[in-house]
Amino acid sequence: MPKTVIHVFHDDDASITTGTRVAQRIQEVAAEHGTTVEVLCFGPAQRLLADAAPSGASEVFNRQVDELIADGVTVGACVNAARADGTEAGLAGRGLRLRVARDEFLRFTLEGATVITF
């Protein structure tokens, strides 16, 4: 089945809010087109997932990530970065799929996924 992967890397306000919103919008019509959506948060954007007091764009980003997970979208993050930052348990507890980023990028290639980076 075809897949669109939204890779949220940058931590600027536009990247984090637009990337997750694009994933939500694609998810709205993905099933009727026989495709799936997946999100991978990595790098600077991943650190915002552990923001203890999110506000502004960070708050929107975190809310949209939680909404995507609740809607059944796989949202992943790098397990090595999470361990290094001490956020592994918290991210896993929110329902994020923690994997080695290197392996996830290779999986996307092997699956023939379209990857869009924000």
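Provided above is the structure to which this section pertains.
Residues numbered from 1 in each chain as written. Predicted model: local features only at pLDDT ≥ 70, side-chain atom pairs only at ≥ 80, totals over all residues. Heavy atoms only, no water.

Thoughts on the overall build of the protein chain
Stage number 1. Looking only at helices and strands, the protein chain has 6 helices and 5 strands in total.
Stage number 2. Counting from the amino terminus, helix and strand elements in the protein chain follow one another as β-α-β-α-α-β-α-α-β-α-β.
Stage number 3. In terms of overall dimensions, the protein chain is globule-like: its C-alpha atoms have a radius of gyration of 13 Å, near the 13 Å expected for 118 residues.
Stage number 4. Across its three principal directions, the C-alpha atoms of the protein chain cover 40 × 30 × 25 Å.
Stage number 5. Looking at the protein chain as a whole, 42% of its 118 residues are labelled buried.
Stage number 6. Within the protein chain, residue pairs in contact and separated by at least 24 positions form 68% of the contacts whose partners lie at least 6 positions apart. (Helix = DSSP H or I, 4+ residues; strand = E, 2+ residues; numbered from the N terminus. Rg over C-alpha atoms; globule rule 2.2 N^0.38 Å. Buried < 20%, exposed > 50% of the residue type's maximum accessible area, 1.4 Å probe, protein only. Contact = heavy atoms within 4.5 Å.)

Concerning helix α6 (residues 101-111)
Stage number 1. Those residues of α6 not exposed but buried are A101, E104, R107 and F108. Buried residues of α6, seen end-on, are gathered within an arc of 115° and therefore sit on one face of the element. Opposite the buried face of α6, at more than 90 degrees from it, the exposed residues are R102, L106, T109 and L110.
Stage number 2. Buried residues along α6 sit in contact with β1 (3-8), β2 (36-41), β3 (74-78), β4 (97-99) and β5 (114-117).
Stage number 3. Looking one or two places after α6, you find G112, whose phi comes out positive at around 70°. (Arc of directions from axis to C-beta.)

Overview of the pattern of salt bridges
Stage number 1. Considering all chains together, one arrives at 13 salt bridges under this definition.
Stage number 2. As a salt-bridge pair, R94 and D66 come within 2.9 Å of each other at their nearest N and O atoms. Here R94 is found in the loop between α5 (88-93) and β4, whereas its partner D66 is found in helix α3 (residues 56-70), with 28 residues between them in sequence.
Stage number 3. Taken together, the shared-partner salt bridges in this structure form one network comprising K3, E38, R97, E104, R107 and E111. (Salt bridge = Lys/Arg side-chain N within 4 Å of Asp/Glu carboxyl O.)

Digging into the sheet that holds β3
The strands making up a sheet associate through hydrogen bonds between their backbones, and the pairing can be parallel or antiparallel.
Stage number 1. Spatially, 5 strands are ordered β4-β3-β2-β1-β5 in an open sheet, and the strand pairing comes out parallel. In this open sheet, the two edge strands, each paired with only one partner strand, are β4 and β5. Sheet twist, expressed as the mean angle between neighbouring strand axes with direction ignored, is 25°.
Stage number 2. Pairing of β1 with β2, which is carried by 6 bridges, proceeds in the parallel orientation. Its bridge partner being in β2, T4 is matched across the sheet by V37. (Pairing = 2+ DSSP bridges. Axes fitted to C-alpha atoms, helices over the stretch in contact; angles between N-to-C directions.)

Some thoughts on the pairing of β2
Stage number 1. The element β2 is extensively covered by neighbouring structure, given that 5 of its 6 residues are classed as buried.
Stage number 2. Handedness of the crossover joining β1 and β2 through helix α1 (residues 13-30): right-handed.
Stage number 3. By the bridge criterion, 4 bridges tie β2 to β3 in an arrangement that is parallel. When the bridges of β3 are listed, L40 appears paired with G76. (Right-handed = clockwise from strand over helix to strand, strands pointing away.)

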